[in-house]
Amino acid sequence: MGLELTLHCLGLPPGSKVIVPALTFVASFTAIIRAGHVPVIADIDPESWLLTPETASDVAAQTGAAAVLAVAAFGKPHDTKRWSAFRKKTGIEVVIDAAGAFGSQWVEAADVPVIYSLHATKSLAAGEGGIVVSGNPAINARVRQLSNFGINLDPEAGLPTGHLSFVGSNAKLSEYHAAVAHASLDQWHLHAGQRQKIYRTYRETLDAACGDKLQWQSGSAPAAPTIFCVRMAEPARNRMEKICQSRHIATRRWYQPLLHKHAEQVTPTIKMPVPIAESIASGLIGLPFSLFLSSDEITRIAEAARQATATHRKQLSPHLDHHG
Ligand SMILES: *Cc1c(COP(=O)(O)O)cnc(C)c1O
């Protein structure tokens, strides 16, 4: 709802084209359509796994897109100052879907709204809910009003308070969920620290077990990691899924199928070639992660990963050992 209402507030003509990366949760895509616009699915950067201003510029030049919905995939933050520079240079609006990036994604540009999710699976959990943050008072007021049916509560607006200014929806955060969010905030530093620690140990243990077979999203860990996603090239991923299934270890293919695969059934969509997203997604696997993950469990998962990525080359020809 936060994404949808924010996109709505940009004042773009209906049917405007909005660039979105292929590697994201379907909510980024559905929000664009529900705001009355046409998604333009674009490729990502091979290191950060994010949409870049450079790609967005190219895609906008080809398609005439009017806005970008950039996604902080897996909690990895965008540089909002770079996106702000992009916006000033091109006149193309930018909104950041930072659903999973509370604590990691900072809001450093007044003209680039950032939206966080408070869903139970994200770093600040309220159960359900979200936060829209922007430095533009007009956008903030309009999002607030759209989330409250469109009722005017501003005595200065030239319209009696309590009257409808436009047609909104009910997207208010419930008082119950706000209370849960407050309780989560009380634990924020403690839990973020614990999550960081588990993430570090987990990643080191997996790297030690698998050598250079694993590929990670570039940059440092999110402030409060909640999911754990790594790339292992096929056939290792398939083997990992089978081994994990047999040992009752849950795995996920987060953000898959990629957006352009969903799009066929849904709506007119513009699809750019997305070879990098396809390549990254072809090996992505989400492994268990929680505040309660024990070091024994990490060891079990790392052992599964070791077996899945082992090539048996060592036994066959020891002299090949040093080849990457
Ligand atoms: C989780 C997620 C959403 C959806 O958030 P909800 O609060 O569950 O609606 C949107 N975009 C991305 C990138 C997400 O990871």
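Residue indices follow the written sequence of each chain, beginning from 1 at its first position. Where local features are concerned, this predicted model is filtered to residues with pLDDT of at least 70; where side-chain atom pairs are given and counted, the filter is 80 or more; whole-chain, interface and lining totals use all residues. Where side-chain values are given, they derive from all heavy atoms of the structure, hydrogens and water being excluded.

1. Details of the domain arrangement of the protein chain
In many reports, interface size means the accessible area that the parts give up when they come together.
Phase 1 of the analysis: The domain boundaries assigned to the protein chain delineate domain 1 (2–185) and domain 2 (188–311).
Phase 2 of the analysis: Using C-alpha coordinates to define each centre, domain 1 is positioned 26 Å away from domain 2.
Phase 3 of the analysis: Every residue pair with non-hydrogen atoms within 4.5 Å of one another is taken to be in contact. Opposite the 39 residues of domain 1 that make contact, domain 2 presents 34 residues.
Phase 4 of the analysis: In this description, buried area is defined as the sum, over both parts, of the accessible area (probe of 1.4 Å) that is lost when the two are combined. Counting each side, the surface lost to burial between domain 1 and domain 2 is near 3,100 Å², with a carbon and sulfur contribution of 70%.
Phase 5 of the analysis: Its largest share of buried area at the contact with domain 2, domain 1 owes to Ile41, Trp49 and Phe74, together 25% of the area lost on that side.
Phase 6 of the analysis: Definition used for salt bridges: Asp or Glu carboxyl oxygen within 4 Å of a side-chain nitrogen of Lys or Arg. The tally of links from domain 1 across to domain 2 stands at zero salt bridges.
Phase 7 of the analysis: Here a polar contact means two N or O atoms within 3.5 Å. Within protein one must be a hydrogen donor candidate and the other an acceptor candidate, and residues neighboring in sequence count only if both atoms are side-chain atoms. Counting every contact that joins domain 1 to domain 2 gives 15 residue pairs in polar contact (both at pLDDT 80 or more).
Phase 8 of the analysis: For the side of domain 1 that touches domain 2, the elements supplying multiple residues, two or more each, are strand 1 (17–21), helix 2 (26–34), strand 2 (38–42), helix 3 (53–63) and helix 6 (175–186).
Phase 9 of the analysis: Considering every element that reaches the side of domain 1 that touches domain 2, the biggest residue donor is strand 2, with five residues.
Phase 10 of the analysis: Classifying every residue of the side of domain 1 that touches domain 2 gives 23 nonpolar, 10 polar and six charged. Boundary definitions for the domains trace back to an automatic or database domain assignment. Only runs of H or I of at least four residues qualify as helices and only runs of E of at least two qualify as strands under DSSP, and these elements are numbered from the N terminus. Three classes are used, and their members are as follows: Ala, Val, Leu, Ile, Met, Phe, Trp, Tyr, Cys and Pro are nonpolar, Asp, Glu, Lys and Arg are charged, and the others, Gly among them, are polar.

2. Quick word on the site of the ligand
Phase 1 of the analysis: A molecule or strand has a residue near it when one of that residue's heavy atoms lies within 4 Å. Close contacts around the ligand come from Thr24, Phe25, Ala27, Ser28, Val71, Asp97, Ala99, Ser117, His119, Lys122, Gly129 and Tyr255, and that covers them all.
Phase 2 of the analysis: A distance of 2.5 Å separates an oxygen atom of the ligand from a polar side-chain atom of Ser117.
Phase 3 of the analysis: For the ligand, an oxygen atom lies 2.7 Å from a polar atom in the side chain of Lys122.
Phase 4 of the analysis: Each accessible area is a Shrake-Rupley result for a 1.4 Å probe, and residues are judged covered by the shown protein chains and nothing else. In isolation the ligand has 380 Å² of accessible area, and contact with the protein removes 80% of it.
Phase 5 of the analysis: For the shell around the ligand, the residue count by class is five nonpolar, five polar and two charged.

3. Description of the nonpolar core
Phase 1 of the analysis: Counting 38 residues, the largest nonpolar core has Leu7, Leu23, Ile41 and Phe74 as its most contacted members.
Phase 2 of the analysis: Looking at this core, the elements with two or more residues in it are helix 1 (2–9), strand 1, helix 2, strand 3 (67–71), helix 5 (137–146), helix 9 (259–266) and helix 10 (275–281).
Phase 3 of the analysis: Looking at which element gives the most residues to this core, the answer is helix 1, with four residues.
Phase 4 of the analysis: The two domains that each donate at least three residues to this core are domain 1 (2–185) and domain 2 (188–311).
Phase 5 of the analysis: Beyond its immediate stretch of four places on either side in the chain, Leu23 contacts Ile44, Trp49, Ala73, Phe74, Tyr255, Leu258 and Leu284.
Phase 6 of the analysis: Grouped together as the second largest cluster of nonpolar side chains are 31 residues, Ala65, Trp83, Ala109 and Trp188 included. What makes a nonpolar core is a set of buried Ala, Val, Leu, Ile, Met, Phe, Trp, Tyr and Cys residues whose side-chain atoms join them at distances within 4.5 Å. Residue exposure (1.4 Å probe, protein chains only): buried if accessible area is under 20% of the type maximum, exposed if over 50%, otherwise partly exposed.

4. A short note on helix 8 (residues 236–246)
Phase 1 of the analysis: Where helix 8 is concerned, the buried positions are Ala236, Arg237, Met240, Glu241, Ile243 and Cys244.
Phase 2 of the analysis: Buried residues along helix 8 sit in contact with strand 8 (228–232), helix 10, strand 10 (284–287) and helix 11 (295–309).
Phase 3 of the analysis: Count one or two residues on from helix 8 and you reach His248, which has phi positive near 60°.

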